[in-house]
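# Residue-level structural notes
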Protein chains: 2
Amino acid sequence: MVRWTFIAFALALLAWLPGSAAAQTDPLPSWNDGKTKQSLVEFVTRVITPGGKDFVLEPERIAVFDNDGTLWAEQPIYFQLAFALDRVKALAPQHPEWKSKEPFASLLKGDVKGALSGGEPAILQIVMATHAGITTEEFERTVHDWIATAKHPKTGRLYTEMVYQPMLELLRYLRANGFKTFIVSGGGIDFMRVFSEQVYGIPPEQVIGSSGKLKFELRDGKPVLVKLAEIDFIGDKAGKPVGIQRNIGRRPVLAFGNSDGDLQMLQWTAAGSGTRFMGLVHHTDAAREWAYDRQSSIGRLDRALDEAKAKGWTRVDMKRDWKVVFPFAGQ
Amino acid sequence: MVRWTFIAFALALLAWLPGSAAAQTDPLPSWNDGKTKQSLVEFVTRVITPGGKDFVLEPERIAVFDNDGTLWAEQPIYFQLAFALDRVKALAPQHPEWKSKEPFASLLKGDVKGALSGGEPAILQIVMATHAGITTEEFERTVHDWIATAKHPKTGRLYTEMVYQPMLELLRYLRANGFKTFIVSGGGIDFMRVFSEQVYGIPPEQVIGSSGKLKFELRDGKPVLVKLAEIDFIGDKAGKPVGIQRNIGRRPVLAFGNSDGDLQMLQWTAAGSGTRFMGLVHHTDAAREWAYDRQSSIGRLDRALDEAKAKGWTRVDMKRDWKVVFPFAGQ
């Protein structure tokens, strides 16, 4: 009896040890077999093998991921922009002046294309009107309520369901091997943090993104942080390595993006010493997702695609490399 | 034989489980027994006890610490300022104009007091002249070389030895109980990150501090981040809760400071729901360290001391509560 007690005890304890069971099964079941999947597994194996020339100490296993188009979809418009448009409609009764003021006037008439025809300044106006002038806590609640109910116009799914199953598996696989996973996005930091932990397993302190300035205030003795209508940081393009330095302070060993906005992050990652992994999600699947690259206004992939080819970075061909795209497709 | 193999195996596995041995011994041996130490242990116990009304999920166990005067000493001048003064001397041959330009002229004549008499603008000039115009990698190397050799003027010890042994134990005790420890300092983020991991066990991504703007550049095809002579963020006073939001995005459950510069961080922490721990290190020990508070120009503790008393925050009396101050004192 005593012997079996100890066998059971030892087995129970074994179950606590990380990776012991996972090593037996495919950690990336939604990736088709082929050179892309192989390159990921080989990279991780090299990085975690003690004594090997590419071994990386655990605290230095920093992996960074763009969000829009890399971890979740970004068509037909960035999901955060969909949130902002919905907020304009919700806030319109408090802003009668919007009826005669662009880009709000077009938007409230249902003409999204017209509203966005003003380009970046129009988008900025919409973002500031919907993301500023409230406390961080009020904003979090607003995003929380929206993300729990708003539906994607094409699939009718929650936006948090429009995440890429193969990338979720990659995030988990990296973390199971001692990597620390970060989001480095041009999207709003306070927006993404509301769902990043639940959806990606990435805690708020590992989310980097664009932000507005904040103001600390005591309101009736209670401290609040007010979101101001003033840009603090844009986490796109050259802002990505800057954001990595600001919030991480260590160069990543793996970086994944999908557009020219990720080029500098990939360059910065590639320039470190030792082994590195630079990946691009290439949207090639019009049937299961969308197909776009050099000509797209959203998620344009042009210069980064050329540089990936020239430098041998990994291009994930969505159509060829992914067995499933979205989690719901497999259900 | 088989039975003993399993006993040994089970015991070996047990050793892997966190906290099993540590629970037997005093986790805070450099703290004198008394209400301060007791309040720390009781707080941690409440936070980690599942089912208890004060239980906090592990990802939410965020603990933030000021650095200067809280984790290491700050007298007779902030250590980073000592670094900057040394750098002015080292860089003087490349700046002949400094011989006739304040605050550099006084400094180069050995008149530190005269150089600093210009107050914040003078200090800012010194900081910008020594912290900007170089890449982040060059700056890291410079700090690394300095911190490995420069000695404190009073003790003759390395600056990294001027850390508080009781606080090192507290950091370890918190981490052993699932807390994530952060530095939230008015000091320079790129300066502290060079030694934070080795000295405090706090990785660069968990260091928050003041910073200058950064510029991404390709130099002969190699990407660099150049430190610009332009302030990006001041992580002191109201900047502390802002920095916490920027880099963590979650309200701490424990905050430790030592001066009025930490007041807003303590207020922000205190205003969260559920149990919280707000601590102030009070420098009361002129014999083993320094004694200063309301009248000090460095690390002034006045308003925060009043608020701590009014609100029942924990005041650590260095003389009364700490068995040893610096690690070397116990050797």
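Quantities reported herein were computed from a predicted structural model and do not represent experimental measurements.

Moving on, we get to the overall build of chain A. Secondary structure summary: chain A contains 14 helices and seven strands in total. Scaling as 2.2 N^0.38, a compact globule of 331 residues should have a C-alpha radius of gyration of about 20 Å, and chain A matches this with 22 Å. With the C-alpha coordinates of chain A rotated into their principal frame, the extents come out at 75 × 50 × 40 Å. For chain A, the proportion of its 331 residues judged to be buried stands at 54%. The long-range fraction of contacts in chain A, counting pairs at least 24 apart against all pairs at least 6 apart in sequence, stands at 65%. Carbon and sulfur atoms make up 55% of the accessible area of chain A, which totals about 14600 Å². Chain A carries 41 positive and 38 negative side-chain charges, and their two centres are separated by 2 Å.

It is worth spelling out the packing of helix α3 (residues 79-91) of chain A against helix α6 (residues 119-131) of chain A at this point. Residues and elements named next belong to chain A. It is at 9 Å that the axes of α3 and α6 come closest, and there the two elements cross at 65°. Seen from above, α3 lies across α6 with left-handed handedness. Two secondary-structure elements touch here, α3 through Gln80, Leu81, Phe83, Ala84, Leu85, Arg87, Val88 and Leu91 and α6 through Ile123, Ile126, Ala129, Thr130 and His131.

The next point concerns the packing of aromatic side chains. All names here are of chain B. Taken as a whole, this structure holds 38 aromatic pairs over all chains when the rule is applied. Ring centres of Phe43 and Phe277 lie 5.5 Å apart, and the angle between their planes is 55°; this geometry places the pair in the tilted category. Taken together, the residues Phe43 in helix α2 (residues 35-48) and Phe277 in strand β6 (residues 277-284) connect sequence positions 234 residues apart. On the basis of relative accessible area, Phe277 is assigned to the buried category, the value being 4%. When the ring of Trp72 is compared with that of Phe195, the centres are 4.8 Å apart and the planes differ by 25°; the resulting orientation is stacked. In this pair, Trp72 is assigned in the loop between β1 (62-65) and α3 (79-91) and Phe195 in the loop between α9 (189-192) and α10 (196-200), connecting sequence segments 123 residues apart. Phe195 shares its class with Trp72; the two are buried.

Further remarks concern the pattern of salt bridges. All names here are of chain A. Tallied over the full model, the rule gives 54 salt bridges over all chains. The salt bridge involving Asp86 is made with Lys89; its shortest N-O contact spans 4.0 Å. Of the two residues, Asp86 and Lys89 both sit in helix α3, three residues apart, roughly one turn of that helix. Residue class for Asp86 comes out partly exposed when judged on its relative accessible area of 32%.

Residue and element names in this part refer to chain A. Strand order in the open sheet formed by seven strands is β4-β3-β2-β1-β5-β6-β7, and the pairing between neighbours is mixed. Lying at the two open borders of the sheet, with one neighbouring strand each, are β4 (222-233) and β7 (314-317). Strand after strand, the sheet turns through a mean of 30° between neighbouring axes, direction not considered. Examined bridge by bridge, strand β1 (residues 62-65) and strand β5 (residues 254-257) share three bridges and lie parallel to one another. Considered in β5, the bridge of Phe65 is made with Phe256.

Another aspect to go through is the environment of B:Pro327. Residue and element names in this part refer to chain B. Along the polypeptide, Pro327 turns up in the segment after α14 (318-321). Judged by relative accessible area, which is 24%, Pro327 ranks as partly exposed. When the C-alpha atoms of Pro327 and Pro241 are compared, they prove to be 31 Å apart, with 86 residues separating the residues in sequence. The contacts of Pro327, once residues within four sequence positions are left out, are Glu161, Val163, Gln165 and Leu168.

Our next topic: the side chain of B:Gln245. With respect to the element layout, B:Gln245 can be found in helix α11 (residues 239-247). Once residues within four sequence positions are removed from consideration, B:Gln245 is found in contact with A:Thr136, A:Glu140, A:Asp190, A:Arg193, A:Leu214 and A:Leu225.

Residue and element names in this part refer to chain A. Turning to helix α13 (residues 303-311), its buried residues are Ala304, Leu305, Glu307 and Ala308. All buried residues of α13 lie within an arc of 165° about the axis, which places them on one face of the element. For α13, exposure combined with an orientation more than 90 degrees from the buried face picks out Arg303, Lys309 and Ala310. On its buried face, α13 sits against α12 (263-270), β6 (277-282) and β7. Residue Gly312 follows α13 closely and has a positive phi angle near 75°.

Criteria and thresholds
Residues numbered from 1 in each chain as written. Chains lettered and ligands numbered in written order. Predicted model: local features only at pLDDT ≥ 70, side-chain atom pairs only at ≥ 80, totals over all residues. Heavy atoms only, no water. Helix = DSSP H or I, 4+ residues; strand = E, 2+ residues; numbered from the N terminus. Rg over C-alpha atoms; globule rule 2.2 N^0.38 Å. Buried < 20%, exposed > 50% of the residue type's maximum accessible area, 1.4 Å probe, protein only. Contact = heavy atoms within 4.5 Å. Areas by Shrake-Rupley, 256 points an atom, 1.4 Å probe, with all protein chains shown as cover. Lys, Arg positive; Asp, Glu negative; His and termini not counted. Charge placed at Lys NZ, Arg CZ, Asp CG, Glu CD. Axes fitted to C-alpha atoms, helices over the stretch in contact; angles between N-to-C directions. Left-handed = near helix turned anticlockwise from the far one by under 90°. Phe/Tyr/Trp six-rings, centres within 6.5 Å; stacked < 30°, edge-to-face > 60°. Salt bridge = Lys/Arg side-chain N within 4 Å of Asp/Glu carboxyl O. Pairing = 2+ DSSP bridges. Arc of directions from axis to C-beta.

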